[in-house]
Amino acid sequence: MNRLFFVFFALSLAGLVAHVEAETTPPKKASRPNVILVMTDDQGYGDLACHGNPILKTPNLDQLHRESVRMTDFHVSPFCTPTRAALMTGRYPGRTGAYRTSSGRTMMHTDERTVANVFADAGYVTGMVGKWHLGDNAPHRPQDRGFQDVVWHRCGGVGQASDYWGNDYFDDTYERNGQFEKFQGYCTDVWFRESIRFIEENQKNPFFLYLATNAPHGPYIVDRKWSQHYNAIAKWGSGANFYGMIANFDHNLGELRRRLDELDLTNNTILVFMTDNGTANGGKFHGLDSEAFEGFNAGMRGKKSSLYDGGHRVPFFIRWPAVGILGGRDIDSLAAHIDVLPTLAELCGINVPANHRPDGSSFAKQLTNGDAPPHREYLIVQFQGGAHFREAPQAWSDTCVLRKNWRLINGQELYDMQADPAQRNNVATDHPEIVNQLREQYLPFWDSVSPRMTPVRIDLGNPANNPTVLCSQDWYLPNGNPPWNFGSIRKLPKTTGPWMVNVKVPGRYRLTLRQLPKEADAQIKAVRARVVIAGQERTREVEPGSKGVVFNIDLPAGPTELLTYLYDENDRAGGAYFTEVERLSSGPRRR
């Protein structure tokens, strides 16, 4: 009897101790999730089978769609760079300074902080793979912007002017952490292979990976095994190759997810899929703003570069099994690229510093609570300068103000998306009160953003990027696009423009002027060269057979402009489309 009593007493005491420990010991903190943010280039809302495309096969995207929470009214900017600036900072593109794809307006102000900065400061390992398109020179490269492990191609597309000479999607040379490196295979395959390498190397630590493919951006090049299925059914210009590039991406997405499963990382990894703007080639259109009359655009009006929904409404899938963000649920409230940084930060328990001042707001609560209210009521999309940059950005030009089912285009056209998803019927005269309410939202936005649309400068003499190679795509023109591809550069257009630069260190600099990159080993077709920088002007004759014209100039530190001229025998001048600038020695001079 006594023995039974003591056994009972011991068990009761143990239970009491366990209960007290459970009440007083804080719960074990869950490990921080990994984040993989995947974004394709120029793939529209309708360029997925799960969104109703009757031609395209995307089994892995369809599976992710079934297993994710989907933001079905998610919006970005109408084309590349502005979306990337907004995604990286959580701020309106115009505010960042990166609001166009060339003409010196692809770079963010140096006081902008990125999602990589936020996550790195919180102890995450940060990686970036693929297309950056926010600056090719210091201090604007991904490694200058908080990403610790980068493999990327320059400019807005593989094979464009500032990309490595000769790149053509297969066996290309890309930049790894500041050094060019030759890779084997197709570009999208390389991006996913490098992403998996980054994941494997950092699987024991929380990581943030930004995987931004150049596919399916043009030129539309892909192995025929991916495109041949579409040759007979996607007959509009390069439609089969466009779909083939998406099919290849879809295959690689499946491989990435399988590797996450094998590494036992799926459950505690936030996986996001989105695209950067409306479709570029998922159908045939009349101009930018029509509905597709061939192909499929999910019933929307407009394509890439349009202010109608087809230009900026895109897919957004997010999955995090550990907290129940899965299962194929739709959220139909308004959301945008500027909301992604605050949302991911909140999900990961990271405080965004107050001085970051994001324009976006978090929709994290909606992802985990179906009854949570919408996080935003309005959104403003502005294509600063318009599709062809015929004029400088101005108030109300190329704008869309969004609220719930309403779209106000250029302050005048009003569309009810619930009744008219193809935006065929302008109902502004029927709802003047709605027009006024939406117009009231715009001017505070413009007054806040427009003062930041000022030149962003490239460093000269930065030890992290010396020498640096300047490309004509970054000439800062008042309007229009400078030569940004080899198709135009090979014609030696008789135009030039200034690079906005910042001389980091005073001293002697060597400037080498060329019409094609050094790697092209091409002779200059000009008889005279001239440079203007920091109040100084130098001219010299071009020796026959020269492949570069060299100027050695003493430069003071500080902001300035660099202009180059190469004259032909008729005294017509074009610029040096490629100019290498190298600091040779430091000096005491300051401006």
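This is a predicted model, so every value here is computed, not measured.

**Q** Got a minute to help me understand the overall build of the protein in this structure?
**A** Across its full length, the protein holds 13 helices and 26 strands. For 591 residues, the compact-globule estimate of 2.2 N^0.38 gives 25 Å, and the C-alpha radius of gyration of the protein, at 27 Å, lies within 12% of that figure. Each principal axis of the C-alpha distribution contributes one length, and for the protein these read about 115 × 65 × 50 Å. A buried classification covers 59% of the 591 residues belonging to the protein. A gap of 4 Å separates the mean positions of the 65 positive and 65 negative side-chain charges of the protein.

**Q** Whenever I open this one, the sheet that holds strand 13 (residues 378-382) confuses me. Can you help?
**A** Within a sheet, each strand pairs with its neighbour through backbone hydrogen bonds, oriented either parallel or antiparallel. In space, the 4 strands of this open sheet follow the order 13-14-15-16, with antiparallel pairing throughout. The strands lining the two open edges of the sheet, one partner per strand, are strand 13 and strand 16 (413-416). Averaged over neighbouring strand pairs, the angle between their axes works out to 15° when direction is ignored. The sheet contact formed by strand 13 and strand 14 (residues 399-403) spans 5 bridges and is antiparallel. Paired with V381 across the bridge in strand 14 is C400. The strands touched by helix 12 (residues 432-449) are strand 13, strand 14, strand 15 (406-409) and strand 16; relative to strand 13, the strand with the most contacts, the crossing angle is about 65°.

**Q** Just to check I follow, could you spell out the sheet that holds strand 11 (residues 316-319) for this structure?
**A** The 10 strands are arranged 6-5-4-3-7-1-8-11-2-12 in an open sheet whose pairing can be described as mixed. Either end of the sheet is taken by a strand with one partner, and the two such strands are strand 6 (179-182) and strand 12 (329-336). Averaged over neighbouring strand pairs, the angle between their axes works out to 20° when direction is ignored. Where strand 2 (residues 69-75) meets strand 11, 2 bridges bridge the pair, whose relative direction is antiparallel. Residue pairing across strands places V69 opposite I318, the latter belonging to strand 11.

**Q** Explain helix 6 (residues 187-201) to me, please; I cannot follow it from the model alone.
**A** Note: α-helices contain 3.6 residues per turn, so residues at a spacing of three or four share the same orientation. Taking 1.5 Å of rise per residue, 15 residues should cover 21 Å, and helix 6 covers 21 Å from first to last C-alpha, within 8% of that figure. Every buried residue belonging to helix 6 is among C187, T188, V190, W191, F192, E194, S195, I196, R197, F198 and I199, and all of these are buried. Among the structural elements, strand 1 (34-40), strand 3 (125-131), strand 4 (149-153), strand 5 (173-176), strand 7 (207-212) and helix 8 (239-262) are those in contact with the buried residues of helix 6.

**Q** In this structure, what is going on with the packing of aromatic side chains? I would like to understand it.
**A** Both the distance between ring centres and the angle between the ring planes are used here to describe each pair of aromatic rings. For the structure on display, the rule yields 30 aromatic pairs. With a centroid separation of 5.1 Å and 85° between ring planes, the pair formed by W165 and F486 is classed as edge-to-face. Here F486 lies in helix 13 (residues 486-489) and W165 lies in the loop between strand 4 and strand 5, a separation of 321 residues in the sequence. On the basis of relative accessibility, which here comes to 8%, the residue F486 falls in the buried class.

**Q** What exactly am I supposed to notice about the confidence of the model for the protein here?
**A** Regions with low pLDDT carry predicted coordinates that are not meant to be interpreted in detail. Averaged over all residues, the pLDDT of the protein equals 94, while 94% of them reach at least 70. Note that pLDDT drops below 50 for residues 1-30; the model gives that stretch 0 contacts with residues more than four away or on any other chain.

**Q** Got a minute to help me understand the environment of P544 in this structure?
**A** On the secondary structure map, P544 appears in the loop between strand 22 (536-541) and strand 23 (549-555). Owing to a relative accessible area of 78%, P544 belongs among the exposed residues under this scheme. Spatially, the C-alpha atom of P544 lies 67 Å from that of Q366, the residues being 178 residues apart in sequence.

**Q** Explain unusual backbone geometry to me, please; I cannot follow it from the model alone.
**A** In terms of backbone geometry, most residues other than glycine have negative phi values and most peptide bonds are trans. For the bond from A215 to P216, the omega torsion is 0°, close enough to zero to count as cis. For P216, the position within the fold is in the loop between strand 7 and helix 7 (224-227). A cis amide bond links G218 with the next residue in sequence, P219, at an omega value of 0°. Here the phi dihedral of S103 falls at roughly 60°; this positive angle occurs in a residue that is not glycine.

**Q** Looking at this structure, I do not really get the environment of R319. What am I missing?
**A** Tracing the sequence through the fold places R319 in strand 11. Judged by relative accessible area, R319 falls into the buried class, the value being 14%. C-alpha of R319 to C-alpha of H65: the two residues are 254 residues apart in sequence and 9.2 Å apart in space. Among residues more than four places away in sequence, those in contact with R319 are L64, E67, S68, R257, T266, T269, I270, L271, I325 and L326. A polar contact of 3.1 Å, which involves the side chain of R319, links it to the backbone oxygen of E67.

**Q** Is there a simple way to think about the pairing of strand 2 in this case?
**A** Looking down a regular strand, the side chains alternate between one sheet face and the other. Among the 7 residues of strand 2, 7 are classified as buried, and the element is accordingly described as predominantly covered. In the sheet, strand 2 pairs with strand 12 via 6 bridges, with the strands oriented parallel. When the bridges of strand 12 are listed, H75 appears paired with A336.

**Q** How do you make sense of the packing of helix 6 against helix 8 when you look at a structure like this?
**A** Relative orientation and spacing of two packed helices are given, respectively, by the angle between their axes and the distance between those axes. Look at helix 6 against helix 8: their axes get within 10 Å of each other, and the N-to-C directions meet at 15°. With respect to each other, helix 6 and helix 8 are oriented roughly parallel. Between helix 6 and helix 8 the crossing geometry is right-handed. The residues of helix 8 that touch helix 6, namely those facing T188, D189, F192, I196, I199 and E200, are N248, F249, N252, L253, E255, L256, R259 and L260.

**Q** Would you mind showing me how to read the packing of helix 2 (residues 59-66) against helix 8 here?
**A** Interhelical geometry of helix 2 versus helix 8 gives an angle of 55° and a closest axis separation of 7 Å. Here helix 2 lies oblique to helix 8, going by the angle between them. Contacts from P59, N60, L61, Q63 and L64 of helix 2 reach helix 8 at F249, D250, H251, L253, G254, R257 and R258. Considered class by class, the residues forming the contact of helix 2 with helix 8 number 5 nonpolar, 4 polar and 3 charged.

Quick notes on the rules
Residues numbered from 1 in each chain as written. Predicted model: local features only at pLDDT ≥ 70, side-chain atom pairs only at ≥ 80, totals over all residues. Heavy atoms only, no water. Helix = DSSP H or I, 4+ residues; strand = E, 2+ residues; numbered from the N terminus. Rg over C-alpha atoms; globule rule 2.2 N^0.38 Å. Buried < 20%, exposed > 50% of the residue type's maximum accessible area, 1.4 Å probe, protein only. Lys, Arg positive; Asp, Glu negative; His and termini not counted. Charge placed at Lys NZ, Arg CZ, Asp CG, Glu CD. Pairing = 2+ DSSP bridges. Axes fitted to C-alpha atoms, helices over the stretch in contact; angles between N-to-C directions. Contact = heavy atoms within 4.5 Å. Expected span 1.5 Å × (residues − 1). Phe/Tyr/Trp six-rings, centres within 6.5 Å; stacked < 30°, edge-to-face > 60°. pLDDT = per-residue confidence, 0-100. Polar contact = N/O pair within 3.5 Å; in protein donor to acceptor, adjacent residues only side chain to side chain. Parallel < 35°, antiparallel > 145°, perpendicular 65-115°, else oblique. Left-handed = near helix turned anticlockwise from the far one by under 90°. Nonpolar A, V, L, I, M, F, W, Y, C, P; charged D, E, K, R; others polar.

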